[in-house]
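# Secondary and tertiary structure notes
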Amino acid sequence: MKKYFIIITIALIALVLIQFFRCSEPSPIPEIHEKTEVSSSKGARNTIKAPVVEAKMADQSPKEGLKQSSVQTLWEQGNYPERLQIADLDMPLVFEGAISEELKQVVLADIHMIYNEGVTYSKYDWSGRPDNPAFNLSGRNYVSSETINLKASQVPNIVHRNLSRIIQVNGVDNVVVPEELISAYRKAWEARKAAPEKYESLEPFIDWLNTAPMEELKAKNPFWLFGYDGISDAYPEKAAELRNGLLPKTREDLRVSHPSILEFTYLDREALETEGATEQLPVGVTLADGKYVDENEVPYQQALFLYDGEEWHIAFAPAGT
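Keep in mind it's a predicted model, so treat the numbers as computed, not measured.

On to unusual backbone geometry. Peptide bonds are, in most cases, trans, and in most cases residues other than glycine have a negative phi. Located in the positive-phi region is Ala87, a residue other than glycine, with phi close to 50 degrees. With respect to the helices and strands, the residue Ala87 is situated in the loop between β1 (83–86) and β2 (89–95). On the basis of relative accessible area, Ala87 is assigned to the exposed category, the value being 68%. Positive phi, normally seen in glycine, also occurs at Asn170, with a value near 55 degrees. Residue placement: Asn170 occurs in the loop between β7 (165–169) and β8 (172–177). Assessed through its relative accessible area of 72%, Asn170 is described here as exposed.

Averaged over every residue, the pLDDT of the chain is 74; the share at 70 or more is 72%. For residues 1–70, every residue scores under 50 in pLDDT, and the model assigns this stretch 25 contacts once sequence neighbours within four places are set aside.

A full pass over the atoms with the stated rule returns seven aromatic pairs. Plain terms: the ring middles of Phe264 and Trp312 are 6.2 Å apart, the flat faces sit at 75 degrees to each other, and that makes the pair edge-to-face. Here Trp312 lies in strand β14 (residues 312–316) and Phe264 lies in strand β11 (residues 264–267), a separation of 48 residues in the sequence. Across this residue pair, the class does not change: Phe264 and Trp312 are buried. With 5.1 Å between their ring centres and 50 degrees between their planes, Tyr307 and Trp312 make a pair best called tilted. Pair check on accessibility: Tyr307 and Trp312 agree, each one buried. Through a chain of ring-to-ring contacts, three or more aromatic side chains come together here, namely Tyr199, Phe264, Tyr307 and Trp312. Lying over the aromatic face of Trp126, Arg129 brings its terminal NZ or CZ to 3.9 Å of the ring centre.

Reading guide: rules and limits
- Residues numbered from 1 in each chain as written.
- Predicted model: local features only at pLDDT ≥ 70, side-chain atom pairs only at ≥ 80, totals over all residues.
- Heavy atoms only, no water.
- Helix = DSSP H or I, 4+ residues; strand = E, 2+ residues; numbered from the N terminus.
- Buried < 20%, exposed > 50% of the residue type's maximum accessible area, 1.4 Å probe, protein only.
- pLDDT = per-residue confidence, 0-100.
- Contact = heavy atoms within 4.5 Å.
- Phe/Tyr/Trp six-rings, centres within 6.5 Å; stacked < 30°, edge-to-face > 60°.
- Lys NZ or Arg CZ within 6 Å of the ring centre and 35° of its normal.

Structure, rendered in C-alpha cells:
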C-alpha cells in the first residue's frame, strides 16, 4: 500500500511540474503582418475589395459606369517630349511667349496624338520671302528659314496652319509653336476645366468603344442619329432600323481615337438656327471631331462624337436629314 501511495504522489508532483512549465512558456508571437494586411492597412482593404467594385461596374449602364471611371486623360498619362516626332523627323519644339507647364503638357499631348500615325511631311525653303514672319523668343526675334508641310488626316485647321515654321536657335532647327496656336489651346483648356464632368466622361467612353465585346455594343448601342434621337423621337421604328444598320459587323470595325482638345464645338440655339439643325439636335449639344482608325492606329475617316447633356454618343446624320 505504501508502495502505491509513493507512485501516486510522484505522478501528481510530475503533473504539477508539467503544468507549471507549460504556463511559464512564452506565448507564440502572433502573425502581425497578416492581421494588419486585412484589418489595418487601407491599401490592403482596397486591394481585397477591388474585384467586387469591378463586378459592380460591369453591371452598370454605360452612363453610370463612365462617371465612376478613373481613365486618365492623354496629358495625365505621362510627360511628353518637347519634340515633333514624325516618320524620320525628330525636331525640338519651341514655344513663343509665356506658357504654363500644365498647358504645355496639354499642347504636347495633343500634338503627339494628332500626329501619331499616318503622317508624311515636306520641307520648303522660306528664307528671304517678304511674308516671312518673325517670332519673339525671350525678347529676341527669329525669322524662319524653312517651313514644314505636315500631311495627315483630320488635323484641326489651326494646327495645320500654325505648326509649320522652322527657326534656328543656337544653330539648331526648331519647330515653332506660335502664340496664336498657344492662345487657341489656352481657350480650349479653360473651357475644358469649366466643365470637367463632360470632358472627363469622354475618356472612358472611347475606352469602352474600343474594348467592349460585340454583344455589349449591340445591347447598349452608342449611336446618335440626327433627327431620330433625343429631341425628335417621332420615328422609333425607323430609328431602330437605322441604328441596327450602323452597328459594325466585327469588333475591329469600330475603333476610334481621341479628338483634339481644339475640336470641341458647343452649339447654342443661335448656332443651331443658323445651321438649320433645331429639329435635329437639342440646344446646348457639344460636338467633337475624332477619327476612325484601322488595326495599325492609322486614321482613315472622321468620327463625330456628340454630348447630349448627359452622355456621349457616336453621331451619324442619315441621308435626307
